[in-house]
Amino acid sequence: MKMEFTIKHTWDGLPVSHEPVTIGLKSDNAGLLMEVNAPFFNDPPAPLGEPGKPFSRLWDYEVVEAFFLSDRTEQYLEVELCPHGQHLLLLLSGKRRVWKEELPLEFEVTRMKTKWEGKAHLPWNYFPPCTNKFNAFAIHGSGEGRKYEALHPVPQHELQEGQKPDFHRLEFFKDLNLKGLMGEDWKQPESDIWKSLTN
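Described in the following lines is the structure provided in the data block.

What counts, and at which threshold
- Residue indices begin from 1 for each chain and proceed along its sequence in written order.
- Selection of residues for local features in this predicted model requires a pLDDT of at least 70, selection of side-chain atom pairs for listing and counting requires 80 or more, and totals for whole chains, interfaces and linings are taken over all residues.
- The basis for every side-chain value is the complete set of heavy atoms in the structure, and neither hydrogens nor water enter the calculation.
- Salt bridge, as applied in this entry: a Lys or Arg side-chain nitrogen positioned within 4 Å of an Asp or Glu carboxyl oxygen.
- Strands pair, by our definition, only if DSSP identifies at least two bridges between them.
- Strands are runs of DSSP state E lasting at least 2 residues, helices are runs of H or I lasting at least 4, and numbering of each runs from the N terminus.
- To get an axis, a line is fitted to the C-alpha atoms, and for a helix only the part in contact is used. The angle between two axes follows their N-to-C directions and goes from 0 to 180 degrees.
- Each residue is placed in one exposure class: buried if its accessible area under a 1.4 Å probe, protein chains only, is under 20% of its type's maximum, exposed if it is over 50%, and partly exposed if it falls in between.
- Nonpolar cores were defined as sets of buried Ala, Val, Leu, Ile, Met, Phe, Trp, Tyr and Cys residues, with membership established by side-chain atoms within 4.5 Å.
- Detection works on a 1 Å grid of protein atoms alone, calling trapped sets that fit a 1.4 Å probe cavities and calling open sets with protein on both sides within 12 Å along at least five of seven lines pockets, with lining residues defined by an atom within 4 Å of a point.
- Grid points are joined across faces, edges and corners, and a volume is the space filled by probe spheres set on the points.
- All amino acids are sorted into three groups, where Ala, Val, Leu, Ile, Met, Phe, Trp, Tyr, Cys and Pro are nonpolar, Asp, Glu, Lys and Arg are charged, and the leftover types, Gly among them, are polar.
- Side-chain rings of Phe, Tyr and Trp, where Trp is taken by its six-membered ring, are said to pair if the distance between their centres is within 6.5 Å; with planes under 30 degrees apart they count as stacked, over 60 as edge-to-face, and otherwise as tilted.

**Section: the pattern of salt bridges**
Now for step 1: Taken as a whole and judged by the stated rule, the model has 11 salt bridges.
Now for step 2: The salt bridge partner of E50 is K53, with a shortest N-O separation of 3.8 Å.
Now for step 3: One network of salt bridges, in which partners are shared, links K2, E4, K26, E35 and K119.

Following this line, the structure appears as structure tokens:
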């Protein structure tokens, strides 16, 4: 069983002008396997961090991102993956309120001339209790040419003049039915990490 998502629009709802980024989710031993297939722009150049390790402020580089949200609590897991092998995982409790970052991740990248594939093993321990919403994003380019793309973009009627891309608009995330992926009898395993957060 696998879920597939294709990022066909910019953050504000325009069609992307290249082969779209796809993200697959499937059951893994102790969590979800997130598979990315994306064009490789090599713009901006690679971060100066070691591949396979967390890299702070990775969102300033070429990345594909996935957000897993529990809408009841506004707790979410943010996963950022870079074609050069760096990654950044953040846990947030409340919009933009990071309480844990640079979590370890098993992440493999295969990079070709014009495309890349990534596989990230996301343990259930990282997912907030009752994860039920999802959005995904891709960013590439430098300066004026920087492009921000979204699986679920801001609806046209919500756009305001001069608005900037903001991936933390949780109200535009859409349903993620993990039971559909894992089986109807499946229950999301409890997370020690999230348990340790006392609001």
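Let's pick the thread back up.
**Re the sheet that holds strand 10 (residues 115-123)**
Now for step 1: The strand order across the open sheet built from five strands is 1-3-4-10-9, with neighbouring strands paired in antiparallel fashion. Looking at strand neighbours, the two that pair on one side only are strand 1 (2-7) and strand 9 (106-111), the edges of this open sheet. Strand-to-strand twist across the sheet, computed as the mean angle between neighbouring axes with direction ignored, equals 15°.
Now for step 2: With seven bridges connecting them, strand 3 (residues 21-28) and strand 4 (residues 31-39) associate as antiparallel partners. Counterpart to I23 in the pairing with strand 4 is V36.

**Things to note about unusual backbone geometry**
Now for step 1: The linkage connecting D43 with the following residue, P44, adopts the cis geometry, with an omega of 0°.
Now for step 2: Checked against the element boundaries, P44 lands in the loop between strand 4 and strand 5 (63-70).
Now for step 3: With a phi close to 55°, R57 is a non-glycine residue in the positive phi region.
Now for step 4: In this fold, R57 is placed in the loop between strand 4 and strand 5.
Now for step 5: Residue R57 is classed as partly exposed on the basis of its relative accessible area, which comes to 45%.
Now for step 6: Of note, E74 is a non-glycine position whose phi angle comes to about 60°, a positive value.
Now for step 7: By the secondary structure assignment, E74 is in the loop between strand 5 and strand 6 (75-81).
Now for step 8: For E74, a relative accessible area of 34% puts it in the partly exposed group.

**Comments concerning the nonpolar core**
Now for step 1: Residues L25, M34, V36, F68, L81, L122 and F134 are the most contacted members of the largest nonpolar core, which totals 39 residues.
Now for step 2: Sort the elements by how many residues they give to this core and strand 4 lands first, with four residues.
Now for step 3: The next biggest cluster of nonpolar side chains, apart from the first, holds 19 residues, and it includes L69, L90, L92 and A150.

**A word on empty space enclosed by the protein**
Now for step 1: Scanning the entire structure with this criterion turns up two cavities of 30 Å³ or more.
Now for step 2: Counted as a void, the largest cavity has a volume near 80 Å³.
Now for step 3: Together, 13 residues line the largest cavity, and N135, F137, H152, V154 and D166 are the ones closest to its centre.
Now for step 4: Of the residues belonging to the lining of the largest cavity, the class tally is nine nonpolar, two polar and two charged.
Now for step 5: Looking at the second largest cavity, it is lined by 13 residues, and the ones nearest its centre are P39, F41, E62, A138 and I139.
Now for step 6: Looking at the lining of the second largest cavity, the elements that each hand over two or more residues are strand 4, strand 5 and strand 11 (133-140).
Now for step 7: If you tally residues by element for the lining of the second largest cavity, the top one is strand 11, at three residues.
Now for step 8: Tallied by class, the residues present in the lining of the second largest cavity amount to nine nonpolar, two polar and two charged.

**Some remarks on the packing of aromatic side chains**
Now for step 1: Applying the stated criterion across every chain yields a total of 12 aromatic pairs.
Now for step 2: Ring geometry for F68 against F127: centres 4.9 Å apart, planes inclined by 70°, an arrangement best described as edge-to-face. With F68 in strand 5 and F127 in the loop between strand 10 and strand 11, the pair connects residues that are 59 residues apart, well separated along the chain.
Now for step 3: F68 gets classed as buried once you look at its relative accessible area, which sits at 0%.
Now for step 4: Overall, the relative accessible area of 0% leaves F127 in the buried class.
Now for step 5: Taken together, a centroid distance of 6.2 Å and an interplanar angle of 70° make the contact between Y148 and F167 edge-to-face. Of the two residues, Y148 is situated in strand 12 (residues 147-150) and F167 in the loop between strand 12 and strand 13 (174-175); the sequence distance between them amounts to 19 residues.
Now for step 6: For Y148, a relative accessible area of 28% corresponds to the partly exposed category.

All we've got here are geometric facts, nothing functional implied.
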